[in-house]
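# Structural features, examined
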There are 2 protein chains.
Amino acid sequence: MTEIAPGSTKRTQVHRVPDRAVHDVEVLYSILDAGLVAHVAVEDDQGQPYVIPVGYARMDHQVVFHGSTASRLFKTLATGQPTCLTVTLLDGIVLARSAFESSMNYRSVMVLGSARRLSGDEELAALQRISEQLTPGRWETARQPTPKQRAATLTLALSLDECSVKMRTGDPEDEPEDLVEAPYAQLWAGYVPLVECLGEPVADRHTAADQPTAPEVLAWSHRPWLPAVQ
Amino acid sequence: MTEIAPGSTKRTQVHRVPDRAVHDVEVLYSILDAGLVAHVAVEDDQGQPYVIPVGYARMDHQVVFHGSTASRLFKTLATGQPTCLTVTLLDGIVLARSAFESSMNYRSVMVLGSARRLSGDEELAALQRISEQLTPGRWETARQPTPKQRAATLTLALSLDECSVKMRTGDPEDEPEDLVEAPYAQLWAGYVPLVECLGEPVADRHTAADQPTAPEVLAWSHRPWLPAVQ
């Protein structure tokens, strides 16, 4: 696969395993919409890179994320330094007949560009999107950011104009000899799905003992609930 | 918390939320030993950073990870370019009474340094550790790397001499007014645990239909198994 699709550039072409590259904006959006954490690169003034985990959301054709206005690294990002934001969803553990071909099933998005600081209505919309991504339905019930809280928040956007999508799904791809030579040909091989589940909600000490769990939490369908232990 | 513990330097002190910083090598090791994916920074010759997801393992006081010898970015890492490797474990979704204080429970390790390419016995030991991290018990049953496979693999190590550990656990930390002012004081607040579970193993098409799942897979206790749907 050598074509360059919209959003893909020479820098984001997947050279090593091109059959794991995906050129489809719907797939790109679905991966970003399914994640909770992104990892973003920042470099300090000594040339030392840092990889920082951040909450994020997709807002139209960009990713938005936030940090503290007191964070040295976030302030550096806001200057428009070249950056990369990566979201990785782990879908399974792949067991081949060789250690070399054993792998993970995953979906991954890498976004390149320069972050832009948001303000005003656009910033508020981004904060709402980030809240909805992590805690769907909670924006309407919880206190929305006050002016003081907004002043303490640095909200950034990164366009999806330059990005790459990689996926691996399904069975292992064993080397031909491992499918015929004993003892490896006789091994069970396949994959074990990995699923991120929600556990039973835990109320904090300020919540009344007889208060039912918030309805917006019980309505969450963005991740499977772990069945209660009987 | 301003002291600098072993492994912590001025660069890795957590300035913003110092009570989330942890100085304990056992905690550091336990987080690294619980993860499956790290995100590592590499910069190309144009100054563009990339954040790459990698499988990894801890080996003594270093993290080891591998890539392809055909990967341009991995070859750049092997030159000893300053890098950062971050492991983030998501433990829960924290619902405060304000959107601002809503958060995630997590454990995170950030390692700074320069990667060193491994070879010989040290490389083989690292490959075994990486295999054991992802697929415990499989190294002994699957085919171990052949000379050709090892030649195609670039195995790197990064010392844990300079790193930071951050954690957030438990309840939200609401602003005092949100605990007394209606309607926010009446909101259910707390957290919802996030758990990465293993689903039912799926055999590949080369595995005999009546072959039981590999015993080493059924023995996995490194992650909870998702109960079968009845």
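First, a word on what this report is: a plain description of the structure on this page.

## Some details on the relation of the copies chain B and chain A
Overlay of chain B on chain A (RMSD 0.0 Å): rotation 180°, translation along the axis 0.0 Å. Both chain copies can therefore be described as sitting about a two-fold axis. Residues of chain B ranked by C-alpha distance from the rotation axis are headed by B:E196, positioned 2.2 Å from it. An overlap of 100% is found between the interface residues of chain B and their copies at the interface of chain A, pointing to a shared contact surface.

## Thoughts on the interface of chain B and chain A
Contact residues are listed per partner, giving 94 residues for chain B and 94 residues for chain A. Overall, the association of chain B and chain A removes approximately 7,900 Å² of surface from exposure, summing both partners, and the carbon and sulfur fraction of that is 63%. When the buried surface of chain B facing chain A is broken down by residue, B:V51, B:R143 and B:W188 rank first, second and third, together holding 11% of it. Summed over the shared surface of chain B and chain A, the result is 8 salt bridges. Its salt-bridge partner being A:R97, residue B:D204 comes within 2.9 Å of it at the nearest N-O pair. Where chain B meets chain A, there are 37 residue pairs in polar contact (both at pLDDT 80 or more). Contributions of two or more residues to the side of chain B that touches chain A are made by β2 (37-43), β3 (49-59), β5 (82-95), β6 (103-114), α3 (120-134), α4 (138-141), β10 (190-198) and β11 (202-203) of chain B. Tallied by class, the residues present in the side of chain B that touches chain A amount to 49 nonpolar, 26 polar and 19 charged.

## Structural notes on the packing of aromatic side chains
All names here are of chain A. Enumeration over the complete set of coordinates arrives at 2 aromatic pairs over all chains. Aromatic pair F65 and F74: ring centres 6.1 Å apart, planes at 65°, arrangement edge-to-face. For F65, a relative accessible area of 0% corresponds to the buried category. Between R58 and the ring centre of Y29, over which it is positioned, the NZ or CZ distance is 3.8 Å.

## Quick notes on the pairing of strand β6 (residues 103-114) of chain A
Residues and elements named next belong to chain A. Buried residues dominate β6, accounting for 10 of its 12 residues. Where strand β5 (residues 82-95) lies against β6, 12 bridges are found, and the strand directions are antiparallel. Bridge pairing links T88 to S108 in β6. Where β6 and strand β9 (residues 163-168) come together, 6 bridges link them in antiparallel fashion. Note on β9: the bridge partner recorded for Y106 is R168.

## Topic: helix α1 (residues 25-34) of chain B
One turn of an α-helix holds 3.6 residues; hence residues three or four places apart share an orientation. All names here are of chain B. Those residues of α1 not exposed but buried are L28, Y29, I31 and L32. The buried residues of α1 all sit within an arc of 165° when viewed along its axis, so they share a single face. In this fold, the buried residues of α1 make contact with β3, β4 (62-68), β5, β6, α3 and β9 (163-168). If you check the start of α1, you find a side-chain oxygen 2.8 Å away from the backbone N of E26, and it comes from D24.

Calculation criteria
- Residues numbered from 1 in each chain as written.
- Chains lettered and ligands numbered in written order.
- Predicted model: local features only at pLDDT ≥ 70, side-chain atom pairs only at ≥ 80, totals over all residues.
- Heavy atoms only, no water.
- Least-squares fit on C-alpha atoms with pLDDT ≥ 70 in both.
- Contact = heavy atoms within 4.5 Å.
- Buried area = accessible area lost by both parts, 1.4 Å probe.
- Salt bridge = Lys/Arg side-chain N within 4 Å of Asp/Glu carboxyl O.
- Polar contact = N/O pair within 3.5 Å; in protein donor to acceptor, adjacent residues only side chain to side chain.
- Helix = DSSP H or I, 4+ residues; strand = E, 2+ residues; numbered from the N terminus.
- Nonpolar A, V, L, I, M, F, W, Y, C, P; charged D, E, K, R; others polar.
- Phe/Tyr/Trp six-rings, centres within 6.5 Å; stacked < 30°, edge-to-face > 60°.
- Buried < 20%, exposed > 50% of the residue type's maximum accessible area, 1.4 Å probe, protein only.
- Lys NZ or Arg CZ within 6 Å of the ring centre and 35° of its normal.
- Pairing = 2+ DSSP bridges.
- Arc of directions from axis to C-beta.

Remember, this is a structural readout, not a statement about activity or role.
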